Amino acid sequence: MATTLTKEPESNIAVVELAPAEAPAANVAAVPETPAELLKQWAGADQPNPVRVLLAAVARCWANLGGPGMTAQARRHRDIAEARGFSNGYIKLP
């Protein structure tokens, strides 16, 4: 069985021509030389976001008004313990 090549193999010159061009060198002119200079660039208006501050205050107030998160059984245990005189804390009752 005989075969014939319909396409000749590419030469080395063709491979070099198809190679991607080298990437340009990175510009490092804007990179600070010391960490102190970098921190100066990062330093800016470090003002807290007023919306987040307000929401955090509301969340803290809501948590204080709602009391600790507990089940109804744990709440009853707390009420019994406070009624028995444990006002600063309570222990889990049997």
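Predicted model only: the values in this text are computed from it and were never measured.

Some points on the overall build of the protein chain
Across its full length, the protein chain holds 4 helices and 0 strands. In the protein chain, the succession of helices and strands from N to C terminus is α-α-α-α. A total of 94 residues make up the protein chain; the buried ones form 5% of that total. As displayed, the protein chain offers around 9300 Å² of accessible surface, 61% of which is attributable to carbon and sulfur atoms.

Focus: the confidence of the model for the protein chain
Of the residues in the protein chain, 65% reach a pLDDT of 70 or more, and the chain-wide mean stands at 75. The secondary structure element of the protein chain with the lowest average pLDDT is helix α1 (residues 12-18), at 55, and the one with the highest is helix α3 (residues 50-66), at 90.

Notes on helix α4 (residues 72-83)
Given a rise of 1.5 Å per residue, 12 residues ought to cover 16 Å, and the 16 Å separating the end C-alpha atoms of α4 matches this to within 8%. Directly beyond the C-terminal end of α4, a positive phi value near 110° is found at Gly85.

Some thoughts on the pattern of salt bridges
Counted according to the given criterion, the structure contains 1 salt bridge. Among the ionic pairs, Arg78 bridges to Asp79, the shortest N-O distance being 3.7 Å.

Thresholds applied
Residues numbered from 1 in each chain as written. Predicted model: local features only at pLDDT ≥ 70, side-chain atom pairs only at ≥ 80, totals over all residues. Heavy atoms only, no water. Helix = DSSP H or I, 4+ residues; strand = E, 2+ residues; numbered from the N terminus. Buried < 20%, exposed > 50% of the residue type's maximum accessible area, 1.4 Å probe, protein only. Areas by Shrake-Rupley, 256 points an atom, 1.4 Å probe, with all protein chains shown as cover. pLDDT = per-residue confidence, 0-100. Expected span 1.5 Å × (residues − 1). Salt bridge = Lys/Arg side-chain N within 4 Å of Asp/Glu carboxyl O.

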